[in-house]
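Structural overview for review
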Amino acid sequence: MDFANHPYLYKGLMIYENNLITVEIEPSEIPWVKVFAKHKVKEFSECTLEEKTEFFRVIDIAEKLMLNYFNADKINIASFGNMLPQVHWHVMARFELDSYFPEPMWGEKQRDAKLELLDFETFFNQLKEQL
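Hydrogen bonds between backbone atoms are what pair the strands of a sheet, whose relative direction is either parallel or antiparallel. Spatially, 1-2-3-5-4 is the arrangement adopted by the five strands of the open sheet, whose pairing is antiparallel. Each end of this open sheet is capped by a strand with a single partner; those strands are strand 1 (14-17) and strand 4 (74-78). Direction aside, the axes of adjacent strands within the sheet are offset by 15 degrees on average. Pairing geometry for strand 3 (residues 32-37) and strand 5 (residues 88-94), over five bridges, is antiparallel. Within strand 5, the position partnered with F36 by the bridge is H88. Helix 1 (residues 49-70) rests against strand 1, strand 2 (21-25), strand 3, strand 4 and strand 5 of the sheet, and its axis sits at about 10 degrees to strand 5. Lying on the sheet, helix 2 (residues 120-130) is in contact with strand 1, strand 2 and strand 3; it crosses strand 1 at an angle near 10 degrees.

Structure (structure tokens):
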């Protein structure tokens, strides 16, 4: 299935979990995953060292795979939690021709995207295997 043409079929789809974190797909024109702490905490400083280490292990794997699989121009990694006060990180592959670049994905749209990206489902399956 082509994720780009059916993004909401993937909304909130968990692709990986262990006792510390869960990884979910964020529907978008770009490859985007969110990594959540399973332990209900509001701030990163409240996470255990084991949780912090697991966040960065997963972020590192996702970033490298996005760069290699999609040949992304940039990877954005963010943790805000203003709307959802649960520790989580966004990992997004960015492209100079995506709709918002160089703005953040929740910023002002710059153009209509004309991206021709490799299959998202294959990427998500590869990510799941590497995690």
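This part takes up the packing of helix 1 against helix 2. The contact between helix 1 and helix 2 brings their axes to 10 Å, and the two run at 145 degrees. Crossing hand, helix 1 versus helix 2: right-handed. Counted together, R57, I61, A62, L65, M66, Y69 and F70 of helix 1 and F120, T122, F123, Q126, L127 and Q130 of helix 2 form the full contact between these two elements. Considering only residue class, the contact of helix 1 with helix 2 consists of nine nonpolar, three polar and one charged.

Going through the model one piece at a time under the given rule, you end up with six salt bridges. Here R57 and E54 are joined by a salt bridge, their closest N and O atoms 2.8 Å apart. With R57 and E54 both in helix 1, this residue pair falls three residues apart, about one helical turn. For K109, the salt bridge goes to D112, with nearest N and O atoms at 3.0 Å.

Reading the values: rules and limits
Residues numbered from 1 in each chain as written. Predicted model: local features only at pLDDT ≥ 70, side-chain atom pairs only at ≥ 80, totals over all residues. Heavy atoms only, no water. Pairing = 2+ DSSP bridges. Helix = DSSP H or I, 4+ residues; strand = E, 2+ residues; numbered from the N terminus. Axes fitted to C-alpha atoms, helices over the stretch in contact; angles between N-to-C directions. Contact = heavy atoms within 4.5 Å. Left-handed = near helix turned anticlockwise from the far one by under 90°. Nonpolar A, V, L, I, M, F, W, Y, C, P; charged D, E, K, R; others polar. Salt bridge = Lys/Arg side-chain N within 4 Å of Asp/Glu carboxyl O.

Honestly, it's all geometry; don't read function into it.
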